[in-house]
Amino acid sequence: MDVEALVKAIAIEVLKQVNGDSETTRVLIIGEKTCPKCQAVQKRLGKGHTFLYPDEDPGPGETLRRIVPYLSIRHMADMASGKADGPLMETAFRAMLAGQTVEVVEFEYKRHADTAPEGLMRLFEGQEAALAGYGLVAMDVTKRDSVRIRKPLVTEADVAEAGGRGAKELRLPADAQVTPLAVESAKDLGITLSRG
């Protein structure tokens, strides 16, 4: 054991605490610094984070989170088919190719969940699922009383996910099949299953 190295490490840590310096989580926001949605991500995450952008030199240190503030329908479709349109989407793809998860705050298609045809929503949900398989996942930023699911088969995992988001109601398609474990899980979690 190198006592000198140990003493030095302890001294550095004590100085950090005395000076109020603490390590922050490095977050790469895959967007433009002036974008209002990027600023909203910074505000939402708040203190304890160091924010970086693709056009900045990250310097030393490991970036622990990568966040896309908004994914348009066009970009989602391109990425689901393996295409990167522009430098920002290329940055996201490079991270995924390196085995890193990229979080998406908002998917554009979800704004139209109450008005879009069922088939179109299933197409977009399929693209989102394909992207999740690549390492691009939704960042859960809201708690909702009601969650809509558009799957033909609702499972216990779907109910648990809705419960994790704070839902008290899970809205299902009129023709959806619900597994017995999903019904039991909904009762246990106090979630109402409604159709239509």
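Now for a quick tour of the structure. If you're wondering where the values come from, they're calculated on a predicted model, not measured in any experiment.

1. Observations concerning the nonpolar core
Proteins that are soluble and globular tend to have nonpolar side chains buried together.
In step 1: Core analysis: the largest hydrophobic core is formed by 23 residues, its most contacted members being Leu 71, Met 76, Met 79, Val 102, Leu 131 and Leu 136.
In step 2: Of all the secondary structure elements, the ones that give two or more residues to this core are β3 (65-71), α3 (73-80), α4 (87-97), β4 (102-107) and α5 (118-134).
In step 3: The dominant element in this core, judged by the number of residues it contributes, is α4, at five residues.
In step 4: The contacts of Val 102, once residues within four sequence positions are left out, are Ile 30, Arg 66, Val 68, Ala 92, Ala 95, Met 96, Gly 135, Leu 136 and Val 137.
In step 5: Val 147, Ala 162, Ala 167 and Ala 186 belong to the second largest nonpolar core, which has twelve residues in total.

2. Re the packing of aromatic side chains
In step 1: Per the counting criterion, the structure on display carries two aromatic pairs.
In step 2: Through a chain of ring-to-ring contacts, three or more aromatic side chains come together here, namely Phe 107, Tyr 109 and Phe 124.

3. A short note on the layout of surface pockets
In step 1: Taken as a whole, the second largest pocket holds about 200 Å³ of empty space.
In step 2: Surrounding the second largest pocket, 15 residues form its lining, Ile 30, Gly 31, Tyr 70, Leu 88 and Met 89 being those nearest its centre.
In step 3: For the lining of the second largest pocket, the elements supplying multiple residues, two or more each, are α2 (36-45), β3 and α4.
In step 4: Across the lining of the second largest pocket, the residue classes tally to nine nonpolar, three polar and three charged.

4. Let's talk about the sheet that holds strand β2 (residues 49-52)
In step 1: Strand order in the open sheet formed by five strands is β2-β1-β3-β4-β5, and the pairing between neighbours is parallel. The open sheet has two free edges, formed respectively by β2 and β5 (136-138), since each of these has just one partner strand. Pairwise comparison of adjacent strand axes, ignoring direction, gives a mean angle of 30° for this sheet.
In step 2: Direction of pairing for β4 relative to β5: parallel, over a ladder of three bridges. Pairing of Val 102 across the sheet is with Leu 136, part of β5.
In step 3: α5 rests against β3, β4 and β5 of the sheet, and its axis sits at about 120° to β5.

The rules behind these values
Residues numbered from 1 in each chain as written. Predicted model: local features only at pLDDT ≥ 70, side-chain atom pairs only at ≥ 80, totals over all residues. Heavy atoms only, no water. Core = buried A, V, L, I, M, F, W, Y, C linked by side-chain atoms within 4.5 Å. Buried < 20%, exposed > 50% of the residue type's maximum accessible area, 1.4 Å probe, protein only. Helix = DSSP H or I, 4+ residues; strand = E, 2+ residues; numbered from the N terminus. Contact = heavy atoms within 4.5 Å. Phe/Tyr/Trp six-rings, centres within 6.5 Å; stacked < 30°, edge-to-face > 60°. 1 Å grid on protein atoms, 1.4 Å probe; cavity = no way out; pocket = protein on both sides within 12 Å on 5 of 7 lines; lining within 4 Å. Points joined across faces, edges and corners; volume = space filled by probe spheres on them. Nonpolar A, V, L, I, M, F, W, Y, C, P; charged D, E, K, R; others polar. Pairing = 2+ DSSP bridges. Axes fitted to C-alpha atoms, helices over the stretch in contact; angles between N-to-C directions.

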